[in-house]
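Residue-level structural notes
Chain by chain, the residues:
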Amino acid sequence: MDHRAEGKCRDDRAHTAREPGRAGRPQEPRRPGHPGKTTIADGVVEKIAGLAARDVDGVHAMGSGISRTLGAMRDRVPGGGKSVTRGVSAEVGEVQTALDLEIVVEYGVSIADVARSVRENVVNAVERMTGLEVVEVNIAVSDVKLPDEDDDQDDGGDGRNLQ
């Protein structure tokens, strides 16, 4: 497709076609440095961020009480699998991204230290793997996992066990 008519191509040499009388001559190769455009889906950044956040000591789970309950039910269904994007939302632009994370921390850890470590780990992983600049990582701590709580218990997000 010839983008010259649409004003999208800056270099006419990239579109030098075989002209009448020049049969058999190959097209000129594309200039180095202009190989095309890469786009990264929001879900890709969400997966990277989710895995990076879960790697931090003190993070028990990702997501709100409701999303964890639904995720636990989905995990029990054959082929349901764990969702690494649970608790992660990304907005991805051409060169930057912003992330919102919802985490559950272990009881007894410093929430400020865990949040700082999560933010650092997520920024490093996303920037290294995607080349995007991470402009912000907002972290919402939705719950604290108490030592005597079962993982299957849901507290409704307000700290009360619903049994």
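Residues numbered from 1 in each chain as written. Predicted model: local features only at pLDDT ≥ 70, side-chain atom pairs only at ≥ 80, totals over all residues. Heavy atoms only, no water.

1. Quick word on the overall build of the chain
Assigned secondary structure in the chain consists of 3 helices and 4 strands. Listing the helices and strands of the chain from first to last along the sequence gives α-β-α-β-β-α-β. In the chain, once contacts between residues fewer than 6 apart in sequence are set aside, the share between residues at least 24 apart is 64%. As displayed, the chain offers around 11,000 Å² of accessible surface, 48% of which is attributable to carbon and sulfur atoms. (Helix = DSSP H or I, 4+ residues; strand = E, 2+ residues; numbered from the N terminus. Contact = heavy atoms within 4.5 Å. Areas by Shrake-Rupley, 256 points an atom, 1.4 Å probe, with all protein chains shown as cover.)

2. Points about the confidence of the model for the chain
Taken over all residues, the pLDDT of the chain has a mean of 77, while the share at 70 or more is 61%. Averaged pLDDT values over the elements of the chain bottom out at 54 in helix α2 (residues 65-76) and peak at 98 in helix α3 (residues 111-130). A low-confidence stretch, residues 1-22 (pLDDT under 50), is modelled with 20 contacts involving residues beyond four sequence positions or located in other chains. (pLDDT = per-residue confidence, 0-100.)

3. Some remarks on the environment of N124
With respect to the helices and strands, the residue N124 is situated in helix α3. Each C-alpha atom, one on N124 and one on A52, is 8.8 Å from the other, the two residues being 72 residues apart in sequence.

4. Let's talk about α3
The first and last C-alpha atoms of α3 sit 28 Å apart over 20 residues, in line with the 28 Å expected at 1.5 Å per residue. Summarising the contacts, the buried residues of α3 are in contact with α1 (42-54), β1 (59-62), β3 (96-106) and β4 (133-145). G131 occupies a position one or two residues after α3 and carries a positive phi of about 80 degrees. (Expected span 1.5 Å × (residues − 1).)

5. A short note on α1
When the terminal C-alpha atoms of α1 are compared, their 18 Å separation across 13 residues agrees well with the 18 Å that a helix rising 1.5 Å per residue should span. Taken residue by residue, α1 has V45, E46, I48, A49, G50, A52 and A53 as its buried positions. For α1, the elements touching its buried residues are β1, β2 (88-92), β3 and α3. (Buried < 20%, exposed > 50% of the residue type's maximum accessible area, 1.4 Å probe, protein only.)

6. Side note on the side chain of E149
Here E149 shows up in the segment after β4. Although E149 lies buried, it forms no salt bridge, and the closest oppositely charged side chain, K145, sits 5.1 Å away as judged by the N-O distance. At 3.1 Å, the side chain of E149 and the backbone nitrogen of L146 are in polar contact. (Lys, Arg positive; Asp, Glu negative; His and termini not counted. Salt bridge = Lys/Arg side-chain N within 4 Å of Asp/Glu carboxyl O. Polar contact = N/O pair within 3.5 Å; in protein donor to acceptor, adjacent residues only side chain to side chain.)

7. Some points on the pattern of salt bridges
For side chains bearing opposite charge, pairing can occur when the charged atoms are close. In this structure the tally under the stated criterion is 1 salt bridge. For D113, the salt bridge is made with R116, and the minimal N-O distance between the two is 2.5 Å. Residue D113 and its partner R116 are located together in helix α3, separated by 3 residues, close to a single helical turn.

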